[in-house]
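# Observations on the model geometry
This is what each chain is made of:
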Amino acid sequence: MKQGPATHDSLKGAAFNLGHWLVEPGLGRISSEGEEGKLEPRVMEVLVYLARRPGELVTREDLERDVWLGAVVGYDAVTGTVIKLRKALHDRARQPRYIETIPKRGYRLIAPVDYTVDKAALPVAPAVGEGPPDGPIVERPPIPAGSSGAKAAVTRKRAWVPFVLAAILVLIIGAAFIAGRGADEGGAPVLSLPDRPSLAVLPFENLSDDPADDYFSDGMTDDLITDLSALPDIFLISRHSSFFYKDKPVDPHKVGTELGVRYLVVGSVRRAGETLRVNAQLVDTLHGQQLWAERFDRKAADIFTVQDQINARIMDALSLTLGDGQAALSGRQTASPAAYDAYLQGMSHFWRATADDYDRAYDFFQHAIALDPDYADAYAALAALHWQAYKRGWYRNQPWLGLSWEKIMDALNMAKKQPSALAYFVDSGVYTTNHRHDLAVAQAREAVAQFPNDALVHLTLADALSFAGQPAEARRSAEQGLRLDPRQPEPYLFALGRAQFEMGRMEDAVDTLGIVVSANDTDVLPRTLLVSALGHLGRMEEAHRQLMDLEALYKQDRLRRLNLRDLGEVWPYREQENLERIRQGLRMLGVPEW
């Protein structure tokens, strides 16, 4: 049975052993084999809460209710606290020894907990000065003066930026996005409202009898976002950040605050046989008012008409004219409901981004194209699938990929007849990989002009500019993408960190890339750049630790051993000095030439 909720008084609780760690809540300290660390009060509270329930599932709702005491907190507040706790315990999300993540549910403490601690043997708390508030500080035994590590110990700065989105925006991007709205109830800075109508389309709820119909309601949401993203007079949150709220209860004011938007589009879809019912409404997040609501009862084949009508009603409610976006809202790429349905099923697997899901997505996209040989969106999705599989190396083990480059170009040539953001993403990436940097930048700029509210095209432009040798402008594009996609910051932070590295701002690059690696510890690219930056800074102990993790990822992904020669294939810079800067940092750590 669960014990009572953890409160601030829990910090005065009994000491206990967690695995080989000694935890002293009253001192906010953990220690093990001569190593000591201080935990922030909130981090310690989460640890104590989990320790009271070893082996049990602890949901996010449990933590928000009992540790945050019901305060309104963002998703990243809980995630960031667990990340800090894992860092302090030297734990890893991918191979946990202490805290296991239960996908879509919560966390579970898997290490043994022992409250039978010999109090007489507890060490006396050292007089440690108060450190920065953005993470655990590990206090190590003093290094003798004159030793090789003394200088590094004095100058080493552990400045991990908190993994809370608003704080990331403040520290990395600046105050421009934060002005005018103060702070939320938890004290975190709040994203400012743009200077034009701003909205997010949240995932429409699937009310059909079959839960497998999620792909249809999700696909309808996707298309509404895609259509609206072409309108230059609005500000629209991207798909990934919108889908963060899928299957969650929605508090319009809270969501509006977290995303920095004034309006939300919410709704539901029920499909039964040949009939379709769609409910949609537009909500003002500042005042909680429903500005527009309507129910559409149609035949399932009339889905395109329903989408157009919803878009038109949104524009009417916001007193906007379609202007240059008329074509995006009135033109459809297929007249075949069956082809559209196959395309939606394929995209539902595409977004999951696993090799097995790509197998299934491939079949659906091929079926959509068979039903409509001119379906540009399906070709764009097929090109993106082949492109991503090529970059991940999956084509070596997937028989359907065959000669991946030929398949990419065949699908891309068809997709470019009516290009989407996804088609521009692939086209620009292919040009960059082939060192045709001017064309890569030109395609990305055209994508931004066509889809100004699509975060993916801003990321595409950031990548193209970076490899073309324009890091300052690349940074600005990454920042724009991050503002449009605040709930999935890692790709944009990687682009930011890369730009900082290219500009020689190694300390900033380490801070930014550290966030990316903490959030996704299975991606080799940001970790490669992080290792190189640490090498340039002379932070060898930390660099070697990250290098060991990087080499383990190479083995896990069955990649050829990390070497300096192969980096040219992964980092296709126009200017060789940028590539050489990466190699130089790795060379300092003993990475072989080939």
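Since this is a predicted model, take the numbers as computed values, not measurements. (Residues numbered from 1 in each chain as written. Predicted model: local features only at pLDDT ≥ 70, side-chain atom pairs only at ≥ 80, totals over all residues. Heavy atoms only, no water.)

For the protein chain, the count of helices and strands is 24 helices and 15 strands. In the protein chain, buried positions account for 52% of the 594 residues. Long-range pairs, those at least 24 residues apart, make up 62% of the contacts in the protein chain between residues at least 6 apart in sequence. (Helix = DSSP H or I, 4+ residues; strand = E, 2+ residues; numbered from the N terminus. Buried < 20%, exposed > 50% of the residue type's maximum accessible area, 1.4 Å probe, protein only. Contact = heavy atoms within 4.5 Å.)

Turning next to the packing of aromatic side chains. Inspection of every chain in the model, using the stated rule, returns nine aromatic pairs. Summarising the aromatic geometry, the rings of F350 and Y358 are spaced 5.6 Å apart at their centres and angled 5 degrees between planes, so their arrangement reads as stacked. An identical accessibility class is assigned to F350 and Y358; each is buried. Put simply, the rings of Y343, F365 and Y375 pair up and form one aromatic cluster. One residue, R53, lies across the ring of Y49, its end atom 3.7 Å from the ring centre. The ring of F243 has R239 lying over it, and the distance from NZ or CZ to the ring centre is 4.1 Å. (Phe/Tyr/Trp six-rings, centres within 6.5 Å; stacked < 30°, edge-to-face > 60°. Lys NZ or Arg CZ within 6 Å of the ring centre and 35° of its normal.)

The subject of this paragraph is unusual backbone geometry. With a phi close to 65 degrees, D247 is a non-glycine residue in the positive phi region. Tracing the backbone shows D247 in the loop between α7 (239–243) and α8 (252–259). On the basis of relative accessibility, which here comes to 70%, the residue D247 falls in the exposed class. We note that H435 has phi near 60 degrees; this positive angle belongs to a residue other than glycine.

A word on the pattern of salt bridges. A side chain with one charge can pair with a side chain of the opposite charge if their charged atoms come near. Taken as a whole and assessed by the stated rule, the structure comprises 30 salt bridges. Residue K246 is joined to D218 by a salt bridge in which the shortest nitrogen-to-oxygen separation is 3.0 Å. Residue K246 is found in the loop between α7 and α8, and its partner D218 is found in helix α6 (residues 214–229); the two are separated by 28 residues along the sequence. Since its relative accessible area comes to 13%, D218 is described here as buried. The shortest N-O distance in the salt bridge between K416 and D427 comes to 3.4 Å. Highlighted residues: K416 in the loop between α14 (404–415) and α15 (421–433) and D427 in helix α15, separated in sequence by eleven residues. Look at D427 and you get buried, because its relative accessible area is 3%. (Salt bridge = Lys/Arg side-chain N within 4 Å of Asp/Glu carboxyl O.)

In a beta sheet, neighbouring strands are held together by backbone hydrogen bonds and run either parallel or antiparallel to one another. Reading across the sheet, the three strands line up as β5-β7-β6 and stay open at both edges, with antiparallel pairing between neighbours. Strands at the two margins of the open sheet, each flanked by one partner only, are β5 (57–59) and β6 (99–102). This sheet shows a mean twist of 35 degrees between the axes of neighbouring strands, independent of strand direction. (Pairing = 2+ DSSP bridges. Axes fitted to C-alpha atoms, helices over the stretch in contact; angles between N-to-C directions.)

On to the side chain of T528, then. Its location among the elements puts T528 in helix α21 (residues 524–537). A polar atom in the side chain of T528 sits 2.7 Å from the backbone oxygen of V524. Ignoring sequence-local partners within four residues, the contact set of T528 consists of L550, L567, W571 and L586. (Polar contact = N/O pair within 3.5 Å; in protein donor to acceptor, adjacent residues only side chain to side chain.)

By the alternation rule, side chains of strand β4 (residues 35–38) split into E35 and G37, which are all buried, and E36 and K38, of which none is buried. The sheet contact formed by strand β3 (residues 29–32) and β4 spans four bridges and is antiparallel. From the neighbouring strand, R29 faces β4, where its bridge partner is K38. Hairpin remark: β3 followed by β4, antiparallel, with two residues in the connecting loop; positive phi at E33, about 50 degrees.

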